[in-house]
Amino acid sequence: MAARKRASSEATATATATTTATTTATKPPSAAAADPQIAPSKAGQILTYSLFFLLPYLYLIFYHYSIESELRKSILINAAISFAGFFLTLAMIPVASRYVLKRNLFGYDINKKGTPQGSIKVPESLGIVVGIVFLVLTILFQYFNFTADSNWLVEYNAALASICFMILLGFVDDVLDIPWRVKLLLPSVAALPLLMAYAGHTTIIIPKPLVPYVGLEILDLGWVYKLYMGLLAVFCTNSINIHAGLNGLEVGQTVVIASAILIHNVMQIGALTDPEYKQAHAFSIYLTQPLLATSLALLSFNWYPSSVFVGDTYTYFAGMTMAVVGILGHFSETLLLFFIPQVLNFLLSLPQLSGYIPCPRHRLPRFDPQTGLLTGTNDGTVVNLFLRQFGRMSEKSLCILLLVFQ
């Protein structure tokens, strides 16, 4: 977590805003910076690394599993639209960056303080671009896949409404600096359209070793399951938001989780025989592929050294989207397995977030400008835990290690 101080057109503002970007207090922009530029993207590098996840995914779709032609066609149409969204996001981020810099929505990188890179103004809240492109892609996809009387169209639009609501609330948080106690409630409000439209099952499968003790193989939780879904939305959005502080970490963990979701869905489609469950997992793919494509485009600018910061807009959007695909894909319990690092980070953070232990505004590692290395503090985050366990290292190396762990 980090903070920034925004400047007005006449003087530096006094209000601060909590964001997931590694930023510090900013100063009023120079009048000479009429048309600020950002560093070029690292799209080639990011796409090369993403093949580690994409090749197994494509292998499962085209070779390993026998997937119905119509279903495979829908997945590939969605993939093509998502691929176009990748390039659209690449093109829009530099444009949006110039606008947010002109409106003084920028910050300095705390983990580079004391170096020339630490004095560069970095545009913030670029998650708004990813969110807008994602919504455009997913709305356009309805034309190719859903009919007016489709049973899934209601839940699909409810999912988009929840995601859109979360993008709006995330951007409001970036601008207005919403307190933490309010942040915990925002995902609950944004999840209401989804919970009201949810028409899926409310049962869970009891693990086989526990069946003799419970006496049931399938347990219907009723309204408790919907309560769980609401809490899942709260957890996913805030867990991405607090597992942050390094260039590329917020987007990187989203890319890894989204890739795992895609592979899981294809495996389920190939293994299941029930058409409804197959469609549920395909539904999840339809939302996850645009998320992955647009996130990769953002990561190409946010990877070390970051030329843009993502803001709470992106972390809220990404967390809500993954919660939605888990709920409507009927694997919300399995989704938590992909969030194990975030669960660990939340448990480590709980004493400070609850106020039991004093919580500083920034729970970031200490940066040594002489060596360029980070040193872990006693703050309860996985970032600091890794530094305490594995020793000092550079920001890029630490981020890669955390993503490997993810």
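Residues numbered from 1 in each chain as written. Predicted model: local features only at pLDDT ≥ 70, side-chain atom pairs only at ≥ 80, totals over all residues. Heavy atoms only, no water.

Asker: So, the overall build of the chain: which residues are in play, and what are the values?
Answerer: Counting its regular elements, the chain contains 16 helices and 9 strands. Taken over the C-alpha trace, the chain has a radius of gyration of 21 Å; the compact-globule value for 406 residues is 22 Å, and the two agree within 12%. Considered along the principal axes of its C-alpha atoms, the chain spans approximately 60 × 45 × 35 Å. Burial statistics for the chain: of 406 residues in total, 53% are counted as buried. Restricting the contact set of the chain to residue pairs at least 6 apart, pairs at least 24 apart contribute 72%. Looking at charge distribution, the chain has the averaged site of its 24 positive side-chain charges lying 12 Å from that of its 21 negative ones. (Helix = DSSP H or I, 4+ residues; strand = E, 2+ residues; numbered from the N terminus. Rg over C-alpha atoms; globule rule 2.2 N^0.38 Å. Buried < 20%, exposed > 50% of the residue type's maximum accessible area, 1.4 Å probe, protein only. Contact = heavy atoms within 4.5 Å. Lys, Arg positive; Asp, Glu negative; His and termini not counted. Charge placed at Lys NZ, Arg CZ, Asp CG, Glu CD.)

Asker: With reference to specific residues and values, describe the packing of aromatic side chains.
Answerer: This structure, assessed with the given rule, holds 15 aromatic pairs. Summarising the aromatic geometry, the rings of phenylalanine 52 and phenylalanine 53 are spaced 5.2 Å apart at their centres and angled 85 degrees between planes, so their arrangement reads as edge-to-face. Look at tyrosine 143 and phenylalanine 144: their rings are 5.3 Å apart centre to centre, the planes differ by 85 degrees, and that puts the pair in the edge-to-face class. Members of the aromatic cluster, each reached through a chain of ring pairs, are Phe83, Phe86 and Phe87. Seen from the ring of tyrosine 99, lysine 102 lies directly overhead, with NZ or CZ sitting 6.0 Å from the centre. (Phe/Tyr/Trp six-rings, centres within 6.5 Å; stacked < 30°, edge-to-face > 60°. Lys NZ or Arg CZ within 6 Å of the ring centre and 35° of its normal.)

Asker: Explain the pattern of salt bridges to me, using residue names and the numbers behind them.
Answerer: In total, this model carries 4 salt bridges according to the counting rule given. Glutamate 395 is the salt-bridge partner of lysine 112, the closest N and O atoms lying 3.3 Å from each other. Separated by 283 residues along the polypeptide, lysine 112 in the loop between strand 4 (106-109) and strand 5 (122-123) and glutamate 395 in helix 16 (residues 395-405) bring together distant segments of the chain. Judged by relative accessible area, which is 3%, lysine 112 ranks as buried. Its relative accessible area of 4% is what places glutamate 395 among the buried residues. A salt bridge links aspartate 368 to arginine 392; the shortest N-O distance between them is 3.2 Å. Here aspartate 368 is found in strand 8 (residues 366-368), whereas its partner arginine 392 is found in the loop between helix 15 (382-390) and helix 16, with 24 residues between them in sequence. The exposure class of aspartate 368 is partly exposed, given its relative accessible area of 23%. Residue classification places arginine 392 among the partly exposed residues on the basis of a relative accessible area of 44%. (Salt bridge = Lys/Arg side-chain N within 4 Å of Asp/Glu carboxyl O.)

Asker: Could you give an account of the state of the cysteines, with specific residues and numbers?
Answerer: Evaluated as defined, the whole model comprises 0 disulfides. Left without a disulfide partner, cysteine 164 is nearest to the cysteine sulfur of cysteine 236, which lies 19 Å away. With a relative accessible area of 39%, cysteine 164 lands in the partly exposed category. (Disulfide = S-S within 2.5 Å.)

Asker: So what's going on with unusual backbone geometry? Which residues, and what values?
Answerer: Along the chain, tyrosine 304 connects to proline 305 via a cis peptide bond; the corresponding omega equals -10 degrees. The residue proline 305 is located in the loop between helix 11 (275-302) and helix 12 (311-328) in this model. Even without being a glycine, asparagine 104 presents a positive backbone phi close to 65 degrees. You will see that serine 125, though not glycine, has its phi angle at about 60 degrees, which is positive. Locating serine 125 in the fold gives a position in the loop between strand 5 and helix 3 (127-145).

Asker: Got a sec to walk through the nonpolar core? Specific residues and values, please.
Answerer: Membership of the largest hydrophobic core comes to 102 residues, with the highest contact counts inside it found for Leu287, Leu298 and Leu398. For this core, the element with the highest residue contribution is helix 11, accounting for 14 residues. Ignoring any residue separated from it by four or fewer positions in sequence, one finds leucine 298 in contact with Ile93, Leu126, Val130, Val251, Val308, Val310 and Tyr314. (Core = buried A, V, L, I, M, F, W, Y, C linked by side-chain atoms within 4.5 Å.)

Asker: Help me get a handle on a nonpolar patch on the surface, residues and values and all.
Answerer: A cluster of nonpolar residues, Leu51, Leu55, Leu58, Tyr59, Phe62, Tyr63 and Leu76, forms a patch on the protein surface that exposes about 720 Å² of accessible area. If one sorts the elements of the nonpolar patch by residue count, helix 1 (residues 43-64) sits on top with 6 residues. Along the chain, the position of tyrosine 63 falls in helix 1. (Patch = residues over 30% accessible without salt bridge, like charges linked within 9 Å, V, L, I, M, F, W, Y side chains within 5 Å. Areas by Shrake-Rupley, 256 points an atom, 1.4 Å probe, with all protein chains shown as cover.)

Asker: Kindly report on the packing of helix 9 (residues 223-242) against helix 12, identifying the contributing residues and their values.
Answerer: Packing of helix 9 against helix 12 brings their axes to within 8 Å, and their N-to-C directions diverge by 145 degrees. Of the two possible hands of crossing, helix 9 and helix 12 adopt the one that is right-handed. On helix 12, the residues that touch Met229, Leu232, Ala233, Cys236, Thr237, Asn238, Ile240 and Asn241 of helix 9 are Asp312, Thr315, Tyr316, Gly319, Met320, Met322, Ala323 and Ile327. Each residue belonging to the contact of helix 9 with helix 12 can be placed in one class, and the counts come to 10 nonpolar, 5 polar and 1 charged. (Axes fitted to C-alpha atoms, helices over the stretch in contact; angles between N-to-C directions. Left-handed = near helix turned anticlockwise from the far one by under 90°. Nonpolar A, V, L, I, M, F, W, Y, C, P; charged D, E, K, R; others polar.)

Asker: Give me helix 9: which residues, what numbers.
Answerer: A rise of 1.5 Å per residue sets the reference length of helix 9, with its 20 residues, at 28 Å; its end C-alpha atoms lie 29 Å apart and thus fit the reference within 8%. Counted residue by residue, helix 9 has 14 buried out of 20 residues, so it is predominantly covered. (Expected span 1.5 Å × (residues − 1).)

Asker: Summarise helix 16; cite the residues concerned and give the values.
Answerer: Glu395, Leu398, Cys399, Leu402 and Leu403 are the residues of helix 16 that are buried. All buried residues of helix 16 fall inside an arc of 135 degrees around its axis, so they share one side. Contact partners of the buried residues in helix 16: helix 10 (249-271), strand 9 (373-375) and helix 15. (Arc of directions from axis to C-beta.)

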